[in-house]
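Remarks on the overall topology
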Amino acid sequence: MLKLIAVESQGGTKLLLRFSDSASGVYDFAPIIEADTEMTAPLRDPAFFARHFIEAGALAWPNGFDLSAGSLYRHIKADGKLHHAAEAA
């Protein structure tokens, strides 16, 4: 089962996500935040956005909003931004 193993801020609404299969990629959360739903509205506050953490292999925030590693992986891959550790830089 694919899991998120590390998260690093890349400034603004971008996070570098590292997965259990050695893949990684930067995901911009701006479109999710702009959806302005009950769960995503708090992410507009940079201090709250920075409180992300990994829970059971998923990306989560203190308000209960979470995104599965598989979903994030598919989005990053579809954007052409997924890289594997074995790939040449």
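Here we summarise the structure given alongside this text. From a predicted model like this one, the values you see are computed outputs, not experimental measurements.

1. A closer look at the pattern of salt bridges
Where charged atoms from two side chains of opposite charge approach closely, those side chains can pair. Enumeration over the complete set of coordinates arrives at 2 salt bridges. Of the charged contacts in the structure, one is a salt bridge between E8 and R18, with a shortest N-O distance of 3.1 Å. Residue E8 is found in strand 1 (residues 4–9), and its partner R18 is found in strand 2 (residues 14–19); the two are separated by 10 residues along the sequence. In this structure, D36 engages R44 in a salt bridge whose closest nitrogen and oxygen atoms are separated by 3.1 Å. Taking relative accessible area as the criterion, D36 reaches 43% and is therefore assigned partly exposed. Judged by relative accessible area, R44 falls into the exposed class, the value being 52%.

2. A closer look at the side chain of H52
Within the element layout of this structure, H52 appears in the loop between helix 2 (46–49) and strand 4 (53–55). The class for H52 is buried, based on a relative accessible area of 17%. For H52, the residues in contact, after removing those within four places along its chain, are V7, L15, L59, A60 and W61.

Analysis parameters
Residues numbered from 1 in each chain as written. Predicted model: local features only at pLDDT ≥ 70, side-chain atom pairs only at ≥ 80, totals over all residues. Heavy atoms only, no water. Salt bridge = Lys/Arg side-chain N within 4 Å of Asp/Glu carboxyl O. Helix = DSSP H or I, 4+ residues; strand = E, 2+ residues; numbered from the N terminus. Buried < 20%, exposed > 50% of the residue type's maximum accessible area, 1.4 Å probe, protein only. Contact = heavy atoms within 4.5 Å.

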